[in-house]
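Survey of secondary and tertiary structure
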Amino acid sequence: MNSPQDLDAALQASHEQPIVIFKHSNNCPFSARAQEQVANSKHDLEIYGIVVQYAKELSTAIADRLEVKHASPQAIVVKDGKAAAHYWRSEIQEETLKEKVASFGEAS
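So, how was this worked out
Residues numbered from 1 in each chain as written. Predicted model: local features only at pLDDT ≥ 70, side-chain atom pairs only at ≥ 80, totals over all residues. Heavy atoms only, no water. Axes fitted to C-alpha atoms, helices over the stretch in contact; angles between N-to-C directions. Helix = DSSP H or I, 4+ residues; strand = E, 2+ residues; numbered from the N terminus. Left-handed = near helix turned anticlockwise from the far one by under 90°. Contact = heavy atoms within 4.5 Å. Pairing = 2+ DSSP bridges. pLDDT = per-residue confidence, 0-100. Salt bridge = Lys/Arg side-chain N within 4 Å of Asp/Glu carboxyl O. Buried < 20%, exposed > 50% of the residue type's maximum accessible area, 1.4 Å probe, protein only. Phe/Tyr/Trp six-rings, centres within 6.5 Å; stacked < 30°, edge-to-face > 60°. Lys NZ or Arg CZ within 6 Å of the ring centre and 35° of its normal. Arc of directions from axis to C-beta.

Overview of the packing of helix 1 (residues 4–13) against helix 3 (residues 56–66)
In the contact formed by helix 1 and helix 3, the axes pass within 10 Å of each other and the chain directions differ by 35°. The hand of the helix 1/helix 3 crossing is right-handed. Contacts from Pro4, Leu7, Asp8 and Leu11 in helix 1 reach Leu58, Ala61, Ile62, Arg65 and Leu66 in helix 3.

What follows is the structure in structure tokens.
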């Protein structure tokens, strides 16, 4: 994601299915490990990524609109335009993300 319009599109998509917004740094070892976990889940989840150094205003807008304090790396599971869960650093695990997203299907 690079613009407020990209964020709008992502939040709109979350009304169709849960999505993951992944915020990370391109020079942080924690982000590198988290990025591996997110990349492993990309075939099963709808992921929208942002590198915080390149889009600081967008990163702030995500935090504001989803009412989740900014962190990096951070994975935010979004359902119906709202943050349903968020994870930071080592909490960002492929299975954790998949299980959280799958839990919405079970509730239907």
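Quick look at the sheet that holds strand 3 (residues 74–79)
Pairing in this open sheet of four strands is mixed, and the strands run 2-1-3-4 from one edge to the other. Only two strands of the sheet have a single neighbouring strand rather than two, namely strand 2 (46–51) and strand 4 (82–88). With strand direction ignored, the average angle separating the axes of adjacent strands in the sheet is 20°. Both strand 1 (residues 19–24) and strand 2 contribute to a ladder of six bridges, which runs parallel. Looking across to strand 2, one finds that Phe22 is bridged to Gly49. Contacting strand 1 and strand 2, helix 2 (residues 29–40) runs over the sheet at an angle of about 160° to strand 1. Along the sheet face, helix 3 touches strand 1, strand 2, strand 3 and strand 4 and points at about 135° away from the line of strand 1.

A closer look at the confidence of the model for the protein
In the predicted model, the protein carries a mean pLDDT of 94, and 97% of its residues have values of at least 70. Per-element averaging of pLDDT across the protein places helix 4 (residues 94–107) at the bottom with 89 and strand 3 at the top with 98.

Focus on the pattern of salt bridges
Enumeration according to the criterion identifies four salt bridges in this entry. A salt bridge links Asp80 to Lys79, with the shortest nitrogen-to-oxygen separation between them at 3.5 Å. On the basis of relative accessible area, Asp80 is assigned to the partly exposed category, the value being 35%. A salt bridge links Lys98 to Glu94; the shortest N-O distance between them is 2.7 Å. A residue pair is termed a helical-turn pair when its members lie 3 or 4 positions apart in one helix, as Lys98 and Glu94 do in helix 4 at four residues.

Examining the packing of aromatic side chains
The full count for this structure, using the stated rule, is zero aromatic pairs. Taking NZ or CZ as reference, Arg33 lies 5.2 Å from the ring centre of Phe30, over its face. In this structure, Arg89 is placed above the aromatic ring of Phe30, and the distance from its NZ or CZ to the ring centre is 3.8 Å.

Points about the side chain of Ser59
For Ser59, the location among the structural elements is in helix 3. A residue is classified by how much of its surface remains accessible, and Ser59, at 3% relative accessible area, is buried. In this view, Ser59 contacts Lys23, Ile50, Val52 and His70; residues no more than four positions away in its chain are not counted.

Some thoughts on helix 3
Looking at helix 3, one finds that the buried residues are Leu58, Ser59, Ile62, Ala63 and Leu66. One side of helix 3 carries all its buried residues, which in axial view fall inside an arc of 145°. Every exposed residue of helix 3 that faces more than 90 degrees away from the buried side is listed here: Lys56, Glu57 and Asp64. After helix 3 finishes, the residue Glu67 shows a positive phi value of roughly 55°.

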